[in-house]
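One letter stands for each residue in the lines below.
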There are 2 protein chains.
Amino acid sequence: MDLDSYFADFTARDWEADAGEKNGGDETVRIALVGLGGFARNHVLPALAGDATGPTDRTRYCEVRALVSGSPEKAEEVADEYDVAHILTYDEFEEGEDADAFDAVYVAGPNALHLDYARTAANHGKHVLCEKPIEATADRAREMVRACDEAGVTLMVGYRPQIDPAARRLREMIRDGALGDPVAFHGWFTGHILENGGPDQWRLDADLAGGGALMDVGVYPLNAVRFLFDADPASAQATTSSPDPEFEEVDEHVAFQLEFPGEATASCTASYGAQADDRLRVVGTEGQAELAPAFNSETNPTLTVTRGDEEFAYTGAFVNEVAEEFDYFAHCILTDARPDPDGRDSVADMETVAAIYESAETGQRVEVGDVGA
Amino acid sequence: MDLDSYFADFTARDWEADAGEKNGGDETVRIALVGLGGFARNHVLPALAGDATGPTDRTRYCEVRALVSGSPEKAEEVADEYDVAHILTYDEFEEGEDADAFDAVYVAGPNALHLDYARTAANHGKHVLCEKPIEATADRAREMVRACDEAGVTLMVGYRPQIDPAARRLREMIRDGALGDPVAFHGWFTGHILENGGPDQWRLDADLAGGGALMDVGVYPLNAVRFLFDADPASAQATTSSPDPEFEEVDEHVAFQLEFPGEATASCTASYGAQADDRLRVVGTEGQAELAPAFNSETNPTLTVTRGDEEFAYTGAFVNEVAEEFDYFAHCILTDARPDPDGRDSVADMETVAAIYESAETGQRVEVGDVGA
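Residues numbered from 1 in each chain as written. Chains lettered and ligands numbered in written order. Predicted model: local features only at pLDDT ≥ 70, side-chain atom pairs only at ≥ 80, totals over all residues.

### Examining the domain arrangement of chain A
Residues and elements named next belong to chain A. The domain boundaries assigned to chain A delineate domain 1 (12-158) and domain 2 (165-318 + 342-367). The centre of domain 1, based on its C-alpha atoms, is set 25 Å off from the matching centre of domain 2. Between domain 1 and domain 2, the contact holds 20 residues from the first and 19 residues from the second. Sorting the residues of the side of domain 1 that touches domain 2 by element identifies α6 (138-151) and β6 (155-157) as the ones contributing at least two each. Its residues assigned to classes, the side of domain 1 that touches domain 2 shows 14 nonpolar, two polar and four charged. (Domains from an automatic or database assignment. Contact = placed C-beta atoms within 7 Å. Helix = DSSP H or I, 4+ residues; strand = E, 2+ residues; numbered from the N terminus. Nonpolar A, V, L, I, M, F, W, Y, C, P; charged D, E, K, R; others polar.)

Encoded structure:
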């Protein structure tokens, strides 16, 4: 297939097309937001309930009906601004108050609290969109999958880049063999976390976060290479360091290298204390591609593809990744489809994270799945 | 210092300026080429003896006076074309015939033969410019350093990118702290070696080459990060694979990760069987830079630097890297300066290569210097 054909309908929602006649109708999924942190207020609410007008700036298949917050004042203010009818405390959410007002919950906040919120939602028969990473450990991630399976509710994890058109077009190319066989992946996600939240945030608390730069930003290239290669790594080698005192409990910098069964490798880095950047590159036997930015949802990604002497570059029209993510989640519920990234996908991430941390500690190549299994 | 100041006199030969009044005069170093392979014929001879006119297209400080070759016909043809007075067989070179006609030798050809040629040159009091990698093993590299030291001749290894203005400007920035502290390096060099030389070349012979993609192309990012960070890696973690039958003896693909004492890491890949590409990226606490191409001398490199919200990009005027390399080597001899990359620099590369191969085999993090020491 010609390379340019992948660029022809770049922002297509392939998942809408795949749904065929199930698609359509004007049903929506009613969402409760659990936690009103910065990302929920600044990105999720505007995408779900803001006054943007473009088709990709605001969700089509879902709406916000309830807010769960430990801070009544903040909740009131947000409810007023976005015209949300129901406000719940965490206890009320736990007890199932106003549960008829929503169909699904969005779980954010500290990683180590995700399981409790998701289990509560599942117990009330609510579908779950859980922020990444799914939990603080692989065991707790498995427990969340089990709870949602038993309750028969949908569980999706918020890896927005998987729903981003640029990453989806790139995966189509790789699946079609347009770059030949995958050989190497390079990906990184770096920034200065202290500039956004200071030293007292939960992301620097090992118990609440489950880890540092790897858990928060390193999981992006990790999840991306699994998505793009459509494969799980067999083993990991890794190094972490925390030169600055604020990162006493967690990794400030991480470098990890993954081996995939088909000979391909991934070389990834992430940092809480470096110049902000995020990009990925796939090198195949017959071509390569770079996506930049790859994990940051706030600017248009440019996808550059080289095959032999051909080169194509595409900078997409702006697509609101949060709207894409929530619409995809809601669409899966409405069409009875299993989302990808689902909970199992995130369990695989967490098993790889465990292997990465063990390798960093022991210096050994660690088989994924061997840690704490 | 402002970022743009590093771009102001981009192609400057800082090493000429550093020489002060030693610099100048119209002395030249007379070179003998040992081996007339493709690189010598297609790149070295045009740069040293071709009819290019620009100041950076042809060497200023050296000239070709002798050719050492096992093929008299090829040597005659080349000598005619470039007006070279002396032709020697390997035996004649060994015996010191016409040794008065040249001051230095350029050693190319199979890695495992470099030591013998360099030792012969040293024995005759000739300076040595040895193609990279210096030899097939760290032990033989050390032996070459010893032989040149004992003879009191200059030994330089042909890592052209170290003499390339783009890499030199980038190192100046890093040394000045313009990017903050180095955190991570990503570099790769890939291509299809079978398209250039087929399956019977010495590069695929483990004894002659000492290794595969790592030895031939992987040493570029390895040497580059040591040059740019001005540091030696403490340890290595690595993976090699050879899925295709032509690479039975050597690594077709390699991925390696290096840890530096100051917490920085390098994530590198190289391949004999992937889409051609070569580039490097340095991520620092306060800025980052990309150089592409980084290791291929045939096109203009573009250096892109980002610091906070500032971004600068520079695509240099064409600089003939081979002419730069030979002129720098000759200039070191004429001004009695120690070249950098010297032999010890390359011994450090080979010690890292040994650690990389051992880690690939054992899966362990291997301290550099611990292998076969």
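That was the structure; now back to the text.
### What to know about the environment of B:Leu179
Residue and element names in this part refer to chain B. Structurally, the position occupied by Leu 179 is in the loop between α7 (165-175) and β7 (182-192). Take Leu 179: there are 25 C-beta atoms within 10 Å of it, and that puts it in the buried class. Remark: the alpha-carbon pair of Leu 179 and Asn 111, spanning 68 residues in sequence, is separated by 36 Å. Not counting residues within four places of it along the chain, the set of residues in contact with Leu 179 comprises Met 173, Ile 174, Val 282, Gly 284, Glu 286, Gly 287, Gln 288, Ala 289 and Arg 307. (Buried ≥ 20, exposed ≤ 12 C-beta atoms within 10 Å, placed from the backbone.)

### Looking at the environment of A:Leu194
Residue and element names in this part refer to chain A. By secondary structure assignment, the location of Leu 194 is in the loop between β7 (182-192) and α8 (206-209). Placed 184 residues apart in sequence, Leu 194 and Phe 10 show a C-alpha to C-alpha distance of 36 Å. Apart from residues no more than four positions distant in its own chain, Leu 194 is found in contact with Pro 199 and Glu 246.

### Some details on the interface of chain A and chain B
How big an interface is tends to be expressed through the accessible area that disappears when the partners come together. Every contact between the two is made by 32 residues of chain A and, on the other side, 32 residues of chain B. Counting residues per element, the ones that place at least two in the side of chain A that touches chain B are β7, β8 (235-241), β9 (253-259), β10 (265-271), β11 (273-284) and β12 (287-292) of chain A. Here the side of chain A that touches chain B takes six residues from β11(A), the largest share from any one element. Looking at the side of chain A that touches chain B residue by residue, the classes come out as seven nonpolar, 20 polar and five charged.

### Side note on the relation of the copies chain A and chain B
Taken as rigid bodies, chain A and chain B are interconverted by a rotation of 180° and an axial shift of 0.0 Å, the fit giving an RMSD of 0.0 Å. Here the transformation between the copies is reduced to the relation of a two-fold axis. No C-alpha of chain A approaches the rotation axis more nearly than that of A:Gln364, which lies at 2.2 Å. Taken together, the interface assignments show that 100% of the residues at the interface of chain A recur at the interface of chain B, consistent with an identical surface on both copies. (Least-squares fit on C-alpha atoms with pLDDT ≥ 70 in both.)

### Side note on the pairing of strand β1 (residues 29-34) of chain A
Residue and element names in this part refer to chain A. The buried fraction of β1 is high, at five of six residues. The pairing of β1 with strand β2 (residues 62-68) spans six bridges and is parallel. Among the inter-strand pairings, Val 34 is bridged to a residue of β2, identified as Val 68. Pairing of β1 with strand β4 (residues 104-107), which is carried by four bridges, proceeds in the parallel orientation. Paired with Ala 32 across the bridge in β4 is Val 105. (Pairing = 2+ DSSP bridges.)

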